[in-house]
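Observations on chain architecture
One letter stands for each residue in the lines below.
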Amino acid sequence: MTSMEPIRNKVAESDIQVFNLEDLWDGCDVAEIDIAGFLAEGLVLREKEFRVRVKEFDWRQYAGRHVAITCSTDAIVPTWAYMLIASKLKDVAVSTAVGNRTDLIRDYFARALEAVDWEAYRGANVVVKGCASNIVPESAYLAASLRLQHVASKIMYGEPCSSVPIWRRPSAKPAPENAARAVGSALPTRKA
């Protein structure tokens, strides 16, 4: 009768660090405000009417949410109109951005990646976790891998148990002691 060896989790025992971009997301809902709803016939911005509509609008419905400010029509919307709406959302929304939901999420992750302490990954083998995320944009994966290349030894994508290699820091090869002499002796000599 043979005794069974305990099952070992080699992944847990490895020196791999997992960088999960989903951990950067705060979990808040994303909403879109369409400026067209504040315009005359959805197309024309008449300043006085626009300001009245913005003032009378109930902004509290966006409390605790990220808000993308967009325009679904071909209206020419001056920059100040976006600024006015953003000013109403300042103390209500978690964040605001011009564009659609995708634009807001991309901007959010760009800011979040700026705040990461990348030194924590110095010399590490890092797996950028990325299977089946419905919130993390591809641009965030790209930005994370570029930043990790400054500090990590190796970057992989996926899960620690089944990852795809992305990049490895080249190993520094020591120069041979007699490199100059070796190169010089390898040169052909000219016969007289």
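You'll find the structure just up there.
Below is a summary of the structure that appears in this document. No experiment lies behind these values; they were computed from the predicted model shown.

1. A word on the nonpolar core
In this structure, Phe19, Leu21, Phe109, Leu113, Trp118 and Leu148 are the most contacted members of the largest nonpolar core, which totals 27 residues. Those residues in contact with Leu113 that sit more than four places away from it in its chain are Phe19, Leu21, Leu24, Trp118, Ala140, Ala143, Ala144 and Arg147. Ranked by size, the runner-up nonpolar core spans 22 residues in total, among them Ala31, Ile35, Cys71 and Leu84.

2. Here we look at the environment of Asp74
Looking at the element boundaries, Asp74 is found in the loop between strand 3 (66–70) and helix 3 (79–89). The exposure class assigned to Asp74 is exposed, which follows from its relative accessible area of 76%.

3. Focus on the pattern of salt bridges
Evaluated as defined, the whole model comprises seven salt bridges. Its salt-bridge partner being Asp29, residue Arg65 comes within 2.8 Å of it at the nearest N-O pair. With Arg65 in the loop between helix 2 (47–56) and strand 3 and Asp29 in the loop between strand 1 (16–20) and strand 2 (30–34), this pair connects stretches of sequence that are 36 residues apart. The salt bridge partner of Asp58 is Arg60, with a shortest N-O separation of 2.9 Å. Note on Asp58: relative accessible area 37%, which makes it partly exposed.

4. Quick word on helix 4 (residues 101–114)
The terminal C-alpha atoms of helix 4, which comprises 14 residues, lie 20 Å apart, in line with the 20 Å expected from a rise of 1.5 Å per residue. For helix 4, the secondary structure elements touched by its buried residues are strand 1, strand 2, strand 3, strand 4 (95–98) and helix 5 (138–148). If you check the start of helix 4, you find a side-chain oxygen 3.0 Å away from the backbone N of Thr102, and it comes from Asn100.

5. Considering the packing of helix 2 against helix 3
Between helix 2 and helix 3, whose axes approach to 11 Å, the crossing angle comes to 20°. On the basis of the axis angle, helix 2 is roughly parallel to helix 3. Between helix 2 and helix 3 lies a crossing whose hand is right-handed. Judged by residue contacts, Glu47, Phe50, Arg51 and Val54 of helix 2 engage Trp80, Ala81, Leu84, Ile85 and Lys88 from helix 3. Considering only residue class, the contact of helix 2 with helix 3 consists of six nonpolar, no polar and three charged.

6. Side note on the pairing of strand 5 (residues 125–129)
Among the five residues that make up strand 5, four are buried, leaving the element largely enclosed by the rest of the structure. Two elements, strand 1 and strand 5, share five bridges in a ladder whose sense is parallel. Bridging from a neighbouring strand, Val18 pairs with Val127 of strand 5. One ladder, built from five bridges, connects strand 5 with strand 6 (residues 154–159); its direction is parallel. By the bridge assignment, Val126 is partnered in strand 6 with Ile155. Between strand 5 and its parallel partner strand 6, the chain crosses via helix 5, and the hand of that crossover is right-handed.

Cut-offs applied
- Residues numbered from 1 in each chain as written.
- Predicted model: local features only at pLDDT ≥ 70, side-chain atom pairs only at ≥ 80, totals over all residues.
- Heavy atoms only, no water.
- Core = buried A, V, L, I, M, F, W, Y, C linked by side-chain atoms within 4.5 Å.
- Buried < 20%, exposed > 50% of the residue type's maximum accessible area, 1.4 Å probe, protein only.
- Contact = heavy atoms within 4.5 Å.
- Helix = DSSP H or I, 4+ residues; strand = E, 2+ residues; numbered from the N terminus.
- Salt bridge = Lys/Arg side-chain N within 4 Å of Asp/Glu carboxyl O.
- Expected span 1.5 Å × (residues − 1).
- Polar contact = N/O pair within 3.5 Å; in protein donor to acceptor, adjacent residues only side chain to side chain.
- Axes fitted to C-alpha atoms, helices over the stretch in contact; angles between N-to-C directions.
- Parallel < 35°, antiparallel > 145°, perpendicular 65-115°, else oblique.
- Left-handed = near helix turned anticlockwise from the far one by under 90°.
- Nonpolar A, V, L, I, M, F, W, Y, C, P; charged D, E, K, R; others polar.
- Pairing = 2+ DSSP bridges.
- Right-handed = clockwise from strand over helix to strand, strands pointing away.

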